[in-house]
Amino acid sequence: MIDPFGRHVTYLRVSVTDRCDFRCSYCMAEDMEFLPRKDLLSLEELDRLCTAFVAKGVKKLRLTGGEPLVRKNIMHLVRSLSRHLKSGALEELTLTTNGSQLARYAAELAEAGVRRVNVSVDTLDPKKFHDITRRGDLDRVLAGIDAALAAGIAIKINAVALKGFNDAEIPQMLRWAHGRGMDFTLIETMPMGEIEGDRLDQYLPLSEVRRSLEQDFTLADIPLRTGGPARYVEVKETGGRLGFITPLTHNFCEGCNRVRVTCTGTLYMCLGQDDAADLRAPLRESEGNELLNVAIDEAIGRKPKGHDFVIDRATSRPAVVRHMSVTGG
Ligand code: SAM
């Protein structure tokens, strides 16, 4: 799949559910209404959809959400998709998770060929963790991380940098992650979906965070590129990798290799734009994949050059109306 700007689309992120057992305050509103279960693609349909993308050249598949591990029978899908790893068609099958169910699933994930997962942890203070997630139990997430590491799964910790919330804790989190052999990535808040607070109050530019980290650590740029908006440095003092995901201060759309599909089969060609294509109808209209393939090709032909998230007082509305939990991280 090659888009109009010559970019090869080889990475698919699939949100398997919009539901989550947490309600992170920068991500969702407290009283989120989730989709009726009947609107969701079945696990078989998700498998068919992913398989069509793999046949079209997708090499990396990330399951996300909502919280992917709260989808009922999710391991059926993971085990089924792992056949593409065995055949060599797929290079990587991975997940982004909040870690709450990881202790339960780590061994099975490893068995199915999952080699790495991203776990979102915004603070190491149990009370603050409970507050920001509005219900999460940090110990349970830490137990999930232990289980995944014990199963041989590599972990990248993702933390959203939030002004006045975790800025002072970032050096400690970095030392903790690297001390356990995990990569650590910081993310700028993105203006996605209505939430209760004002995002500008939370917004912390990572350029500022980097300057402040450089007072204690030596950061050396490294050329690791994932086709996404992350840039990586090596931290000399810890020997670990630190990533900066900066969709606002910099966007790196020119190298974008990814598209996203939701649990209802809606394909988003860009995280920061509302244009989308419905794949559920062509998926359901026939048992063969002809209609589906046409719809995918047509959508890839519309992949936009990039997004233009802005976050300022004049733009009080979010740049895109859907919440991050719809398309996943
Ligand atoms: N439940 C899983 C998790 O917690 O990782 C997967 C879905 S979650 C939406 C994926 C990532 O998006 C998490 O790291 C979360 O912190 C991040 N996220 C959610 N809303 C965001 C926003 N508005 N700006 C930046 N990152 C956001």
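Report follows, based on the coordinates. (Residues numbered from 1 in each chain as written. Predicted model: local features only at pLDDT ≥ 70, side-chain atom pairs only at ≥ 80, totals over all residues. Heavy atoms only, no water.)

The helix and strand inventory of the chain stands at 11 helices and 12 strands. The principal-axis extent of the C-alpha atoms belonging to the chain is close to 60 × 45 × 40 Å. For the chain, the residues scored as buried account for 57% of the 329 residues in total. Long-range contacts, defined here as pairs at least 24 residues apart, represent 73% of the contacts in the chain between residues at least 6 apart. Side chains of the chain carry 45 positive and 46 negative charges; the gap between the two charge centres is 3 Å. (Helix = DSSP H or I, 4+ residues; strand = E, 2+ residues; numbered from the N terminus. Buried < 20%, exposed > 50% of the residue type's maximum accessible area, 1.4 Å probe, protein only. Contact = heavy atoms within 4.5 Å. Lys, Arg positive; Asp, Glu negative; His and termini not counted. Charge placed at Lys NZ, Arg CZ, Asp CG, Glu CD.)

Moving on, we come to the packing of helix 2 (residues 74-87) against helix 3 (residues 102-111). Helix-helix packing is described using two parameters, namely the angle between the two axes and the distance between the axes. Running from N to C, helix 2 and helix 3 point in directions that differ by 15°, and their axes come no closer than 10 Å. Judged by the angle between their axes, helix 2 and helix 3 are roughly parallel. Handedness of the helix 2/helix 3 crossing: right-handed. Residues Ile74, Met75, Val78 and Arg79 of helix 2 lie in contact with helix 3, whose contacting residues are Tyr105, Glu108 and Leu109. In terms of residue class, the contact of helix 2 with helix 3 is built from five nonpolar, no polar and two charged. (Axes fitted to C-alpha atoms, helices over the stretch in contact; angles between N-to-C directions. Parallel < 35°, antiparallel > 145°, perpendicular 65-115°, else oblique. Left-handed = near helix turned anticlockwise from the far one by under 90°. Nonpolar A, V, L, I, M, F, W, Y, C, P; charged D, E, K, R; others polar.)

Close to the ligand lie 18 residues, the nearest being Tyr26, Gly66, Glu67, Ser120 and Met190. Here a nitrogen atom of the ligand sits 3.0 Å away from a polar atom, N or O, in the side chain of Glu67. At 2.7 Å, a backbone N or O of Met190 approaches a nitrogen atom of the ligand. Protein coverage of the free-state accessible area of the ligand, which is 550 Å², stands at 95%. Partitioned by chemical class, the residues of the shell around the ligand number six nonpolar, nine polar and three charged. (Near = heavy atom within 4 Å. Polar contact = N/O pair within 3.5 Å; in protein donor to acceptor, adjacent residues only side chain to side chain. Areas by Shrake-Rupley, 256 points an atom, 1.4 Å probe, with all protein chains shown as cover.)

This part takes up the environment of Leu102. Mapped onto the fold, Leu102 is located in helix 3. Taking the C-alpha atoms as reference points, Leu102 and Ala148, 46 residues apart in sequence, are found 6.8 Å from one another.

Strand order in the open sheet formed by 12 strands is 7-8-9-6-5-4-3-2-1-10-11-12, with mixed pairing between adjacent strands. Pairing within the sheet leaves two strands with one partner each, and these edge strands are strand 7 (219-222) and strand 12 (276-278). This sheet shows a mean twist of 25° between the axes of neighbouring strands, independent of strand direction. Relative to strand 2 (residues 60-64), strand 1 (residues 11-15) runs parallel, the two being bridged by five bridges. What sits directly across from Ser15, in strand 2, is Thr64. Those strands touched by helix 1 (residues 43-55) are strand 1, strand 2, strand 10 (258-261) and strand 11 (266-268), and its axis lies near 170° from that of strand 1. (Pairing = 2+ DSSP bridges.)

Examined against the element boundaries, Arg210 turns out to sit in helix 8 (residues 206-213). Taking relative accessible area as the criterion, Arg210 reaches 21% and is therefore assigned partly exposed. Setting aside residues up to four positions removed in sequence, Arg210 forms contacts with Leu219, Asp221, Val233 and Phe244.

Right, let's get into the packing of aromatic side chains. In this structure the tally under the stated criterion is one aromatic pair. Seen in terms of ring centroids, Phe22 and Phe129 are 5.8 Å apart; in terms of plane orientation they differ by 85°. Their pairing is edge-to-face. Linking Phe22 in the loop between strand 1 and helix 1 with Phe129 in helix 4 (residues 126-133), this pair joins segments that are 107 residues apart in sequence. With respect to class, Phe22 is no different from Phe129; both count as buried. The positively charged end of Lys60 is found above the aromatic ring belonging to Tyr11, 4.6 Å away from the centroid. The ring centre of Phe165 lies 5.1 Å from the NZ or CZ of Lys128, which sits over that ring. (Phe/Tyr/Trp six-rings, centres within 6.5 Å; stacked < 30°, edge-to-face > 60°. Lys NZ or Arg CZ within 6 Å of the ring centre and 35° of its normal.)

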